[in-house]
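# Results of the structural survey
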Amino acid sequence: MSEKIEVKKAGFKMDKRLISCIIALIGSIMLIATLFLPFASATEKYREQLEKFPDTMYAEEIGMTNKDAVNISLFEFGKIYSSTAAAQNAQAVSITCVVMISAFAIFALLSAIFSLLKKPIAIMIFNVLSLATFLLLKWDFNDRGVLPSSRYDCGMAQYFCYFGVAIVFVGAIIMLLIKINQNKNLKQRSEEHTSELQSL
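### Brief notes about the side chain of serine 73
Along the chain, serine 73 turns up in strand E4 (residues 71–73). Contact partners of serine 73, with chain neighbours within four places excluded, come to Leu35, Phe36, Leu37, Pro38 and Phe39.

### Quick notes on the confidence of the model for the chain
Low-pLDDT portions of the prediction should not be read for the details of their coordinates. With 84% of its residues at a pLDDT of 70 or more, the chain has an overall mean of 88. Here residues 1–7 is modelled with pLDDT under 50, and outside its nearest four sequence neighbours on either side it reaches 1 contact, counting other chains as well.

### Focus on the sheet that holds strand E1 (residues 38–42)
In sheet architecture, strand pairing relies on hydrogen bonds along the backbone and comes in two forms, parallel and antiparallel. A sheet is described by the order of its strands in space; here 3 strands give the open sequence E4-E1-E5, paired in antiparallel fashion. Edge positions in the sheet fall to E4 and strand E5 (152–154), since each of these pairs with one other strand and no more. For this sheet, the mean angle separating the axes of adjacent strands, direction not counted, is 30°. Of the strand pairs in this sheet, E1 and E5 are connected by 3 bridges, and their pairing is antiparallel.

### Structural notes on the environment of alanine 33
Positionally, alanine 33 belongs in helix H1 (residues 2–34). Alanine 33 sits in the partly exposed class, given a relative accessible area of 26%. Spatially, the C-alpha atoms of alanine 33 and alanine 108 are 9.5 Å apart, while their sequence positions differ by 75 residues.

### Here's the deal with the packing of aromatic side chains
With the rule as written, the count across this model stands at 12 aromatic pairs. When the centroid spacing of 5.4 Å and the interplanar angle of 45° are considered together, the rings of phenylalanine 36 and phenylalanine 75 count as tilted. A residue pair is termed long-range when its members are at least 10 positions apart, and phenylalanine 36 in the loop between H1 and E1 and phenylalanine 75 in helix H3 (residues 74–84) qualify at 39 residues. Taken together, the aromatic side chains of Phe39, Phe77, Tyr81, Phe104, Phe134, Phe141 and Tyr162 make up a single cluster linked through ring pairs.

### Let's talk about the pattern of salt bridges
For the structure on display, the rule yields 1 salt bridge. Salt-bridge contacts for aspartate 140 lead to arginine 144; the nearest nitrogen and oxygen are separated by 2.9 Å. Exposure remark for arginine 144: the relative accessible area of 30% places this residue in the partly exposed category.

### Focus on a nonpolar patch on the surface
Taken together, the side chains of Leu18, Ile22 and Ile26 define a hydrophobic patch exposed on the protein surface, amounting to about 260 Å² of accessible area. As for its placement among the helices and strands, leucine 18 is situated in helix H1. Classification of leucine 18 as partly exposed rests on a relative accessible area of 43%.

Criteria and cut-off values
- Residues numbered from 1 in each chain as written.
- Predicted model: local features only at pLDDT ≥ 70, side-chain atom pairs only at ≥ 80, totals over all residues.
- Heavy atoms only, no water.
- Helix = DSSP H or I, 4+ residues; strand = E, 2+ residues; numbered from the N terminus.
- Contact = heavy atoms within 4.5 Å.
- pLDDT = per-residue confidence, 0-100.
- Pairing = 2+ DSSP bridges.
- Axes fitted to C-alpha atoms, helices over the stretch in contact; angles between N-to-C directions.
- Buried < 20%, exposed > 50% of the residue type's maximum accessible area, 1.4 Å probe, protein only.
- Phe/Tyr/Trp six-rings, centres within 6.5 Å; stacked < 30°, edge-to-face > 60°.
- Salt bridge = Lys/Arg side-chain N within 4 Å of Asp/Glu carboxyl O.
- Patch = residues over 30% accessible without salt bridge, like charges linked within 9 Å, V, L, I, M, F, W, Y side chains within 5 Å.
- Areas by Shrake-Rupley, 256 points an atom, 1.4 Å probe, with all protein chains shown as cover.

Next up, the structure:
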């Protein structure tokens, strides 16, 4: 009977660990999705201008039309800045932006990988790095007057990212607490086993 209870407890702990892993993974996927969601959305007035000539090229280097430019994602900003990195007058800014966008993508991906590997400390580290890079990107765009501006407002990606970060933290913290509890139980069992052997 006691063995059945132990098996049920172990199964419940495994389920909780799996759930925490799924929560962290969902949050990490949301961070990755942030790259492809609108980071900048055209203001109502500028949207009307863009929609008047939808097939006109907005950024010829990457094949972006006015229709595509109504909403611009971080991934698309990365492509725009990559195409302008060769120009000397904008080289430093372009390279910095490409590096920051790439860093955010790498940290979000590593957060997802460590979620699958059930490594709570690593998840939290890369989640913090993702958030820090994202905040730095936001500050840079704001400081240069890119976002917000008379043409563009902040897109949904700028809010969606925070939900992803929060969900990752929830999953990682639950995972860490389960791991601490398991280690405590193992230590307790080891001590009990040692005391039983000593009493023999």
